[in-house]
Each structure stands twice: as structure tokens, then as C-alpha cells.
Amino acid sequence: MEEYVREPCPWRIVDDCGGAFSMGTLGGGIFQAVKGFRNAPLGLAHRLRGSANAVRIRAPQIGGSFAIWGGLFSTIDCGLVRLRRKEDPWNSITSGALTGAILAARSGPVSMVGSAMMGGILLALIEGFGILLTRYTAQQFQNPQPFSEEPGHSSPDDGDHPQGEKGQFR
């Protein structure tokens, strides 16, 4: 089984930023298509036009917001990897918290703390789920333990002992 290897840090930021933009544009486009369709005046032509306009106007904005989040998260993550000299789940959790705090900085310190907590908790849940999933799938691919003795079969030296199974006399 081939393991996924991440890009080195300067390219990881660009890769994550682009992936986040794509994900935000696609997801935002679907959401805005439904929202534009529902909010448009009656008639199929009006609804389709309203859906297309909503996607055209809002999907790139949502994609850009996702790209900013992804780029900032990856930048902080790479900085923590460089600072701590190890790559572990704590880097992602801390990056999520710091990203939330930085993006909420214009709203004040109370909002920063709340966003930092939400970012850290969200990334802790994602990392925890990833660890559990990795452990679960690793158990499925372990080599089976060889049986030491099958039930119902006796070992060759059973005839030499006055006691049989479970300590009872024969």
C-alpha cells in the first residue's frame, strides 16, 4: 500500500491554497446555485438565470475566502514544523487555532479567542478522527496470529501425565 507523502513546505502552501480555492469555489458554487434558484422570481427561466448569477458573483468570493484560510493555515503549519523540528498533529491543531484567531483579529479580542477555540477544536476533531481511522485500518491489515493449539486436539505428551484437560484425573 502506497503512503501519501506531502510536498515540502514552500510548495505545500501553494498546493493547499489552490486546493482550498478549488474546494471553496466548487462547494460555494453548488450552494449558491441552489440559493439563487430558490430566491429568484417564479418561472424556470428566471430561476435558472438567478442561479447562474448567484454562482457567478459569489462562488469566486467563497473560493477566495477558502484560499486565504488554507494558505494561512499552511503557512503557520510550515512555520511550526520548522520551529519544532517535528511533524505531528499538534502542529495542525495549533495552526487551526492561530488561523482562526488571525482571521478574526478585526472583530476584537473576544472574537479572536472564540475563533481560536473553534479552529483548535475543529482541527483536534479532524486529527483525532484521522488517527482513529489509521489505527482501525492498520488492524485490518495485520498478519494473523498463528494458532498455538487447536481446540479438541491434544498435544503429543498428554499420555504421560495423570491429569487430562482442566486438571481432572482420567
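Cut-offs used in this document
Residues numbered from 1 in each chain as written. Predicted model: local features only at pLDDT ≥ 70, side-chain atom pairs only at ≥ 80, totals over all residues. Heavy atoms only, no water. Helix = DSSP H or I, 4+ residues; strand = E, 2+ residues; numbered from the N terminus. Buried < 20%, exposed > 50% of the residue type's maximum accessible area, 1.4 Å probe, protein only. Contact = heavy atoms within 4.5 Å. Areas by Shrake-Rupley, 256 points an atom, 1.4 Å probe, with all protein chains shown as cover. Phe/Tyr/Trp six-rings, centres within 6.5 Å; stacked < 30°, edge-to-face > 60°. Lys NZ or Arg CZ within 6 Å of the ring centre and 35° of its normal. Salt bridge = Lys/Arg side-chain N within 4 Å of Asp/Glu carboxyl O. Disulfide = S-S within 2.5 Å. Expected span 1.5 Å × (residues − 1). UniProt positions renumbered as here; feature names shortened; annotations may be inferred.

Draft legend 1. Summary view of the overall build of the protein chain. Looking only at helices and strands, one finds 4 helices and 0 strands in the protein chain. Taking all 170 residues of the protein chain together, 23% fall into the buried category. Restricting the contact set of the protein chain to residue pairs at least 6 apart, pairs at least 24 apart contribute 48%. Summing over all exposed atoms, the protein chain offers an accessible surface of approximately 13100 Å²; the carbon and sulfur share of this is 64%.

Draft legend 2. Focus on the packing of aromatic side chains. Enumeration according to the criterion identifies 1 aromatic pair in this entry. The ring of phenylalanine 37 carries the charged tip of arginine 47 above its face, separated from the ring centre by 5.6 Å.

Draft legend 3. Examining the pattern of salt bridges more closely. Summed over all chains, the structure comprises 3 salt bridges. Of the charged contacts, one joins arginine 12 and aspartate 77 as a salt bridge, the two residues approaching to 3.8 Å between their closest N and O atoms. Of this pair, arginine 12 sits in helix 1 (residues 9–39) while aspartate 77 is found in helix 2 (residues 44–84), placing the two residues 65 residues apart along the sequence. In this structure aspartate 77 comes out as buried when scored by relative accessible area, which is 3%. Between aspartate 88 and arginine 84 there is a salt bridge whose closest N-O contact spans 2.7 Å.

Draft legend 4. The arrangement of the state of the cysteines in detail. The final tally for this structure, using the stated rule, is 1 disulfide. Covalently, cysteine 9 is tied to cysteine 78 through a disulfide, its sulfur atoms 2.4 Å apart. Across the S-S bond of cysteine 9 and cysteine 78 the torsion is about -100 degrees, and the bridge reads as left-handed. Here the residue cysteine 9 occupies a position in helix 1, and cysteine 78 occupies one in helix 2, the gap between them amounting to 69 residues. For cysteine 9, a relative accessible area of 22% translates into the label partly exposed. According to the relative accessible area criterion, cysteine 78 is buried, its value standing at 8%.

Draft legend 5. Layout of helix 1. Over its 31 residues, helix 1 runs 43 Å from end to end, which matches the ideal 45 Å to within 8%, given 1.5 Å per residue. Here helix 1 has its buried residues at Arg12, Ala20, Gly24, Gly28, Gly29, Gln32 and Gly36. Packing partners of the buried residues in helix 1 comprise helix 2.

Draft legend 6. Quick look at the side chain of serine 92. Turning to its location among the elements, serine 92 is positioned in helix 3 (residues 89–103). Judged by relative accessible area, serine 92 falls into the buried class, the value being 10%. Among all residues touching serine 92, those that are not within four sequence positions of it are Phe73, Asp77, Leu123 and Glu127.

Draft legend 7. Spotlight on the UniProt feature "transmembrane region" (unreviewed entry) in the protein chain. Mapped onto this structure's residue numbering, the UniProt feature "transmembrane region" (unreviewed entry) falls at residues 113–133. Across residues 113–133 one finds 100% helix and 0% strand; the C-alpha atoms that close the span lie 30 Å apart.

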